[in-house]
Amino acid sequence: MACSNVMKLNVASSSWISGHNSVNHRTGSTARFPTRRFSVIRAGSYTDELVKTAKSIASPGRGILAIDESNATCGKRLASIGLDNTETNRQAYRQLLLTTPGLGDYISGAILFEETLYQSTTDGKKFVDCLRDENIVPGIKVDKGLVPLPGSNNESWCQGLDGLASRSAEYYKQGARFAKWRTVVSIPCGPSALAVKEAAWGLARYAAISQDNGLVPIVEPEILLDGDHPIERTLEVAEQVWSEVFYYLAENNVTFEGILLKPSMVTPGAEHKVKASPDTIANYTLTMLRRRVPPAVPGIMFLSGGQSEVEATLNLNAMNQSPNPWHVSFSYARALQNTVLKTWQGRPENIEAAQKSLLVRAKANSLAQLGKYSAEGESEEAKKGMFVKGYTY
């Protein structure tokens, strides 16, 4: 598909988009377009609020707690400590997390599953109100999961656009102020041009719909750790994917100041024989971001993707050793929860200890966001990798 000669400009990023679209990157041609017509994005009714929300989440020393696992995935976590996958047990675990005193010192946003958005504590306080009391912005997972992509190399696409506008409006009424949509790209499977384009287009449509309903979209094309490829191959694919993503975000008139990104770090494949240092990962990751992400985007909230708790924190810390054009932070699930879950074990008498372990991990990543983290004194449990081949959320 050739680029349209009708240029879509994001107000704060006109030069970046103009430069991007001046080359037909679909066919590899370097021919300039014969004519250029520019259309400026009109501010929507939520624009000011979206920008304010995004800046609040991308605030110094804070990041996102992701607890948006599906009921099935949450059930696997509970099973690891001998608990049945019931709504009561899921509610108890999420109450432990969301009522941790002082969590807002290190956490600016929490991504919830739909069930959790509508739940309350055992004494009747809504979870969204627990978050607001800690100055934490409630968020919501809005995609409907991955399904096989016909015509691809055994790849996936993310469903959930049908009915998204009405669902987003309801989530906003319930108190959500940002959204998450996760799609994936597999390097061992190619990735095919079809899979990359489908991922980018789906993310862009979701982002536009979210903004139209008052939700800041987190844009997340996860490049899976699966594979034995070197870090150079990951960089190549990441640049390809994010180029497509921003092309379609602009095509869909998405306001860059009102989005957040949730990228994978640029690392070797999990099965590659050579392990990269935090400094190497930081160098490759920041190189990719500088080449592909305009400075209008307020925040880069990395996913952990199966890294150990300590690895994810060390790598984030390495990326914050010098100033960046964006807030570079975290949106971790397993890398914040692993030790918490094992400390809790489903026992009421362990709740306080589990909450303290959550604060330890949240504070460590807060320090990493500020570039001030040290791994000295970290437990052996926190150093254990959590990569699962073919992981599903």
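See the structure printed just above.
Below or above, wherever it landed, is the structure these notes cover. As the structure is a prediction and not an experimental result, all values here were calculated from the model.

**Details of the overall build of the chain**
At step 1: A tally of regular secondary structure across the chain gives 13 helices and twelve strands.
At step 2: When each of the 393 residues of the chain is scored for burial, the buried share is 60%.
At step 3: The contacts in the chain between residues at least 6 apart in sequence include a share of 80% that link residues at least 24 apart.
At step 4: Accessible surface computed for the chain: about 15,900 Å², of which carbon and sulfur atoms make up 51%.

**Things to note about helix H2 (residues 47-57)**
At step 1: Where H2 is concerned, the buried positions are Thr47, Leu50, Thr53, Ala54 and Ile57. For H2, the angular spread of buried residues about the axis comes to 125°, placing them on one side. Residues of H2 that are exposed and point over 90 degrees away from its buried face: Asp48, Lys52 and Lys55.

**Digging into the nonpolar core**
At step 1: With 107 residues, the main nonpolar core has Tyr206, Phe246, Leu249, Leu261, Phe302, Tyr332 and Trp344 as its most contacted residues.
At step 2: Per-element accounting of this core gives the leading share, twelve residues, to helix H9 (residues 231-251).

**Some details on the sheet that holds strand S3 (residues 63-67)**
At step 1: Spatial strand order, S3-S4-S5-S8-S9-S10-S11-S12: eight strands in a closed barrel with parallel pairing.
At step 2: Relative to strand S12 (residues 327-332), S3 is paired through two bridges, and the arrangement is parallel. Each residue of the ladder has a partner; that of Ile64, found in S12, is Ser331.
At step 3: Along the sheet, helix H12 (residues 334-344) makes contact with S3, strand S4 (107-112) and S12, crossing S3 at roughly 60°.

**Considering the pattern of salt bridges**
Side chains bearing opposite charge may pair, as long as their charged atoms lie close to each other.
At step 1: Under the definition given, this model contains 16 salt bridges.
At step 2: Residues Asp68 and Lys180 are paired through a salt bridge, measuring 2.7 Å at the closest nitrogen-oxygen approach. Placement of the pair is Asp68 in the loop between S3 and helix H3 (71-79) and Lys180 in strand S8 (residues 178-185), with a sequence separation of 112 residues.
At step 3: As a salt-bridge pair, Arg77 and Glu69 come within 2.6 Å of each other at their nearest N and O atoms. For the residue pair Arg77 and Glu69, the accessibility class agrees, reading buried in each case.

**Observations concerning H3**
At step 1: Of all the positions in H3, only Thr73, Cys74, Gly75, Arg77 and Leu78 are classed as buried.
At step 2: For H3, the elements touching its buried residues are helix H4 (87-98) and H12.

**Points about the environment of Gln91**
At step 1: Looking at the element boundaries, Gln91 is found in helix H4.
At step 2: Of the residues examined, Gln91 reaches a relative accessible area of 12% and is grouped as buried.
At step 3: For Gln91 and Ser120, which are 29 residues apart along the polypeptide, the C-alpha to C-alpha distance reads 8.1 Å.
At step 4: Once residues within four sequence positions are removed from consideration, Gln91 is found in contact with Gln119, Ser120, Thr121, Thr122 and Phe127.

**Points about the packing of aromatic side chains**
At step 1: As enumerated under the stated definition, the model contains eight aromatic pairs in all.
At step 2: Each ring, one from Tyr93 and one from Trp344, has its centre 5.5 Å from the other, and the planes form 20°; the classification is stacked. Within this pair, whereas Tyr93 is found in helix H4, its partner Trp344 is found in helix H12, the two being separated by 251 residues in sequence. Per residue, the accessibility class of Tyr93 equals that of Trp344, and both read buried.
At step 3: Aromatic pair Trp242 and Phe246: ring centres 6.0 Å apart, planes at 35°, arrangement tilted. Of the two residues, Trp242 and Phe246 are both situated in helix H9; the distance of four residues between them amounts to about one turn of the helix. Across the pair, exposure class does not vary: Trp242 and Phe246 are buried alike.
At step 4: Among the aromatic residues, those joined into a cluster by ring pairs are Trp201, Tyr247 and Tyr248.
At step 5: The ring of Tyr172 has Arg177 sitting right over it, with the charged end atom 3.6 Å from the ring centre.

**Remarks on the side chain of Arg94**
At step 1: Tracing the backbone through its elements, the reader meets Arg94 in helix H4.
At step 2: Arg94 sits in the buried class, given a relative accessible area of 1%.
At step 3: Contacts of Arg94, omitting those with residues within four sequence positions, involve Ile67, Glu69, Asn71, Cys74, Phe113, Glu115, Thr116 and Phe127.

Scoring rules and cut-offs
- Residues numbered from 1 in each chain as written.
- Predicted model: local features only at pLDDT ≥ 70, side-chain atom pairs only at ≥ 80, totals over all residues.
- Heavy atoms only, no water.
- Helix = DSSP H or I, 4+ residues; strand = E, 2+ residues; numbered from the N terminus.
- Buried < 20%, exposed > 50% of the residue type's maximum accessible area, 1.4 Å probe, protein only.
- Contact = heavy atoms within 4.5 Å.
- Areas by Shrake-Rupley, 256 points an atom, 1.4 Å probe, with all protein chains shown as cover.
- Arc of directions from axis to C-beta.
- Core = buried A, V, L, I, M, F, W, Y, C linked by side-chain atoms within 4.5 Å.
- Pairing = 2+ DSSP bridges.
- Axes fitted to C-alpha atoms, helices over the stretch in contact; angles between N-to-C directions.
- Salt bridge = Lys/Arg side-chain N within 4 Å of Asp/Glu carboxyl O.
- Phe/Tyr/Trp six-rings, centres within 6.5 Å; stacked < 30°, edge-to-face > 60°.
- Lys NZ or Arg CZ within 6 Å of the ring centre and 35° of its normal.

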